[in-house]
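What the coordinates show
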Amino acid sequence: MSDIARRPGVDLDVEALMRLRLFAKSGARRAAAAAPHGGLVGLRRGRGAETYDVRPWSDGDDMRNLDRNVTARTGAPHVRSFHDERECAVLYLVDFRTPMLFGTRRAFRSVAAAESSVASAWRVIDGGGRAGLAAIGRAGGRFFGWATARSFPPLLVALAEAHRAALEESAEGVEPPLAAALEEMESVAGSSAMTLATSLDAPGEAFDMIAERIARRREFCVLLVADRFELAPPPGLYPFRTRGEAGALRIARGAAPAPDERRARLRRIGAHSLEIDAGCDAETIARAIERFDLERCDGRFV
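Quantities reported herein were computed from a predicted structural model and do not represent experimental measurements. (Residues numbered from 1 in each chain as written. Predicted model: local features only at pLDDT ≥ 70, side-chain atom pairs only at ≥ 80, totals over all residues. Heavy atoms only, no water.)

In this model, helix α5 (residues 178-189) (12 residues) spans 16 Å end to end at C-alpha, consistent with the 16 Å of a helix rising 1.5 Å per residue. Structurally, α5 contributes buried residues whose contacts are with β3 (89-95), β4 (130-137), β5 (140-147), β6 (193-198), α6 (207-217) and β7 (220-226). Following α5 by one or two positions, G190 has its phi on the positive side, about 65 degrees. (Helix = DSSP H or I, 4+ residues; strand = E, 2+ residues; numbered from the N terminus. Expected span 1.5 Å × (residues − 1). Contact = heavy atoms within 4.5 Å.)

A sheet is described by the order of its strands in space; here 6 strands give the open sequence β5-β4-β3-β6-β7-β10, paired in mixed fashion. Two strands lie at the open edges of the sheet, namely β5 and β10 (272-277), each paired on one side alone. Taken pair by pair, the neighbouring strands of this sheet meet at an average axis angle of 20 degrees, ignoring direction. With 5 bridges joining them, β6 and β7 adopt parallel strand pairing. Its bridge partner lying in β7, T198 is registered against L224. Running over the sheet, helix α4 (residues 152-168) touches β3, β4 and β5 and is turned about 165 degrees from β5. (Pairing = 2+ DSSP bridges. Axes fitted to C-alpha atoms, helices over the stretch in contact; angles between N-to-C directions.)

Right, let's talk about the confidence of the model for the protein for a bit. Low pLDDT marks stretches whose predicted atomic positions should not be read closely. In this model, the protein carries a mean pLDDT of 82, and residues with pLDDT of at least 70 account for 78%. Note that pLDDT drops below 50 for residues 32-52; the model gives that stretch 42 contacts with residues more than four away or on any other chain. (pLDDT = per-residue confidence, 0-100.)

Okay, the pattern of salt bridges next. As a working rule, side chains carrying opposite charge can pair if their charged atoms are close by. Summed over the entire model, instances satisfying the criterion amount to 12 salt bridges. Close ionic contact of R109 with D201 constitutes a salt bridge, the shortest N to O distance being 3.1 Å. With R109 in helix α3 (residues 109-126) and D201 in the loop between β6 and α6, this pair connects stretches of sequence that are 92 residues apart. Assessed through its relative accessible area of 5%, R109 is described here as buried. D201 sits in the partly exposed class, given a relative accessible area of 27%. Between E186 and R217 there is a salt bridge, and its shortest N-O distance comes to 3.5 Å. Taken together, the positions of E186 in helix α5 and R217 in helix α6 put the pair 31 residues apart, joining distant regions of the chain. You can call E186 buried: its relative accessible area is 9%. On the basis of relative accessible area, R217 is assigned to the exposed category, the value being 58%. (Salt bridge = Lys/Arg side-chain N within 4 Å of Asp/Glu carboxyl O. Buried < 20%, exposed > 50% of the residue type's maximum accessible area, 1.4 Å probe, protein only.)

Next up on the list: the packing of α3 against α4. Two elements in contact, α3 and α4, have axes whose closest approach is 12 Å; the angle formed by their N-to-C orientations is 170 degrees. The angle between α3 and α4 falls in the class roughly antiparallel. Here S110, V111, A114, V118, A121, W122 and I125 of α3 come into contact with α4, specifically with F152, L156, L159 and H163. (Parallel < 35°, antiparallel > 145°, perpendicular 65-115°, else oblique.)

To continue, consider the packing of aromatic side chains. Scanning all chains against the criterion turns up 2 aromatic pairs. Ring geometry for W122 against F152: centres 4.9 Å apart, planes inclined by 85 degrees, an arrangement best described as edge-to-face. Of the two residues, W122 sits in helix α3 while F152 sits in helix α4, which places them 30 residues apart along the sequence. What makes W122 buried here is its relative accessible area of 1%. Both rings, one in F143 and one in W146, keep their centres 6.2 Å apart while their planes meet at 65 degrees; by these two values the pair is edge-to-face. Its relative accessible area of 24% is what places W146 among the partly exposed residues. The side chain of R130 reaches across the aromatic face of W146, ending 4.7 Å from its centre. (Phe/Tyr/Trp six-rings, centres within 6.5 Å; stacked < 30°, edge-to-face > 60°. Lys NZ or Arg CZ within 6 Å of the ring centre and 35° of its normal.)

Next up on the list: unusual backbone geometry. Its identity as a non-glycine residue notwithstanding, L200 has a phi of 65 degrees, on the positive side. You can see L200 is positioned in the loop between β6 and α6. Here L200 falls in the buried class, since its relative accessible area comes to 6%. Its identity as a non-glycine residue notwithstanding, A202 has a phi of 45 degrees, on the positive side. In this structure, A202 sits in the loop between β6 and α6. The partly exposed category is assigned to A202, whose relative accessible area is 40%.

Structure (structure tokens):
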């Protein structure tokens, strides 16, 4: 890897991803202090699907909880009780395709996407849940596995290696659409929530259909990574060089930036979205993730 590719903000630093847990823990303490009963904030999904126990019938039990199999086997009525189900498993998909390997300030969009995903994943893990990690590259989606606190660091190493591989890949050929990898990872997620970190470049014709289907079946969030230059570029002449071409981009004075319709598009398909500024430092990104989680749990979706 070249010296330029090893620079902070271009390379993905595993130690920096590990340190994001400190911000997640401090955020969890603030959330517990703010909660009315001091508990962790979670999303309830009804009475739950996992059986807590099976016991003999007693007066006052709900007939709907009658366990017919145990009742028939023992000859005496038995009922099931269930856990309160919470959304405690989230699969994070981090977009490392070529459009993400771009940035004009602190970090590439790909790096900010990884940081925001890992910051959110640490919050899930420290809340007693599981986090899955996957990267989306030119070859499609690559799933690294599910983890709790002890088993999460190896997934971070795999994520960093996938990012370095993306930096070294050739830019030749057609960029794969986001929709194909999203559909592939949908089956990996099972019934778990899904969070996609992307700039939404080249989503593909089927993206809306696939994303809407995912949002109907589970919680689906998009961490929408953006570089300030693409949203509000100052006037001037900007020479550039990519792996595919070189040239100069002229921004005229008074030119109005193109309206960003991405968040409205995600709202229409039922996804919750948070805009991530790649120019912000990792701690600021972690704080934004914390606020986003609290707003979703309160029902104030963005």
